[in-house]
Amino acid sequence: MSNITATGFNSGSTDGELDSLEADLRRLADIGVDTVELALTSIDLISGGRIIEERAERLLALTDQFDFRYTVHGLVSSNFMDPDTQRYQLDAAKALVQLCDRVGSGILVQHGGALRADQLAERAGADQREREALTELAEFARPYGVRIALENIFTTELGQYRQTPAEVAETVKAVNHPNLVALIDFSHAYIESTYKGLNFREQIAAMAPVTGHLHVHDSFGRPQGFYKPFFPQENTAMGIGDLHMPLGWGDIEWDSIFAELDFLPDTVLMMEIGHRHRNEQAACLERARKLAGLTGAEAIAAQ
């Protein structure tokens, strides 16, 4: 058994307000989605590490209207290796844990860290600095029943220090906290494996035993490099970059991957498929449920 208990899509505000989030949640409900990952930092809900209560109340009034199971994506810019902003990030992440508790989310996504090429003095302590911050956040999350899901990212600039997917797994093992798990982003792992000359399947297999959350979207594993498209669709046409495409548009071998890998109990398969692919989401939902083994009676039992 893969231990996947739910699948769905990410959702957030497109303009910083709750109205656009509400419209997207209603659309997802209409196509039969039962699990949603909320991009809460796309809305002003936290200020200087403090929850803005009036806004939080409006968020809860909205999320309570739906029967979704929720997960939460933390700061997309999260980077616990950065000594200059780490304290501010931790404060914001703790506020997000509290928001997770309010909306009923058992997951908060945290991106793996990185250093710029010019941060040479900070390089030696980067891994330990991230581990200490993750330990603090995981311990804070423990009484709330929230698991921090550490996501593998890919190199985004020349000379950047970034952990490989297998090294992200080693970070989770080293922290060794029940409220910290790994998050496999398959496309990110594919792109980073291509860039660093690693075996993609070996990298994700190394992460699987400590993984409790999944991000699924398709690509060809081709790094962006210096190419800059005029329209985003030109990246798709060339198969370049972190494309967030519908399942089947790229060349990731989803069927064999999910036949081989097992994850931690209560893992959610979350699809991060771009807004411009709304018309393909229903088909992706059906495909994802089959990959996860959530069809028929199994899907009903998992809800």
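Residues numbered from 1 in each chain as written. Predicted model: local features only at pLDDT ≥ 70, side-chain atom pairs only at ≥ 80, totals over all residues. Heavy atoms only, no water.

(A) Seen up close, the side chain of Q110. Along the chain, Q110 falls in strand β6 (residues 107–111). Those residues in contact with Q110, other than ones at most four positions away along the chain, are S78, N79, F80, L134, L137, I148, A149, L150 and E151. (Helix = DSSP H or I, 4+ residues; strand = E, 2+ residues; numbered from the N terminus. Contact = heavy atoms within 4.5 Å.)

(B) Representation of the side chain of D218 within the structure. Within the fold, D218 resides in the loop between β11 (211–216) and α9 (232–238). Despite its burial, D218 remains without a salt bridge, the nearest opposite charge being carried by R287 at 6.2 Å. Within the local environment of D218, its side chain forms a polar contact with the backbone nitrogen of I252, the two atoms lying 3.4 Å apart. Setting aside chain neighbours within four positions, we find D218 in contact with L243, H244, M245, P246, L247, G248, W249, G250, D251, I252 and W254. (Buried < 20%, exposed > 50% of the residue type's maximum accessible area, 1.4 Å probe, protein only. Lys, Arg positive; Asp, Glu negative; His and termini not counted. Salt bridge = Lys/Arg side-chain N within 4 Å of Asp/Glu carboxyl O. Polar contact = N/O pair within 3.5 Å; in protein donor to acceptor, adjacent residues only side chain to side chain.)

(C) Looking closely at the confidence of the model for the protein. When pLDDT is averaged across the protein, the result is 96; 97% of the residues are at 70 or more. Note on residues 297–303: pLDDT is under 50 here. Beyond four places in sequence and across chains, it has five contacts. (pLDDT = per-residue confidence, 0-100.)

(D) Up close: unusual backbone geometry. Not every positive phi belongs to a glycine, and H244 is a case in point at roughly 50°. In this model, D266 sits at a positive phi of 65°, which is unusual for a non-glycine residue. Taking the relative accessible area as the measure of exposure, D266 reaches 38% and is therefore partly exposed.

(E) View of the nonpolar core. Counting 71 residues, the largest nonpolar core has F186, L214, V216, F258, F263, L269 and M271 as the members making the most contacts within it. Filtering out sequence-adjacent residues up to four positions away, M271 remains in contact with T7, G8, F9, N10, V216, L247, C284, L285 and A288. Core analysis: the next-biggest nonpolar cluster, separate from the first, contains five residues, I107, V109, V181 and L183 among them. (Core = buried A, V, L, I, M, F, W, Y, C linked by side-chain atoms within 4.5 Å.)

(F) Quick look at the packing of helix α1 (residues 18–30) against helix α2 (residues 53–63). Across the interface, α1 lies against α2 with an axial gap of 11 Å and an inter-helix angle of 15°. Here α1 is positioned roughly parallel relative to α2, judged by the angle of their axes. Viewed along their axes, α1 and α2 form a crossing whose handedness is right-handed. Note on element contacts: α2 touches α1 through R55, R58, L59 and L62, opposite L18, L21, E22 and L25. Taken together, the residues of the contact of α1 with α2 break down into five nonpolar, no polar and three charged. (Axes fitted to C-alpha atoms, helices over the stretch in contact; angles between N-to-C directions. Parallel < 35°, antiparallel > 145°, perpendicular 65-115°, else oblique. Left-handed = near helix turned anticlockwise from the far one by under 90°. Nonpolar A, V, L, I, M, F, W, Y, C, P; charged D, E, K, R; others polar.)

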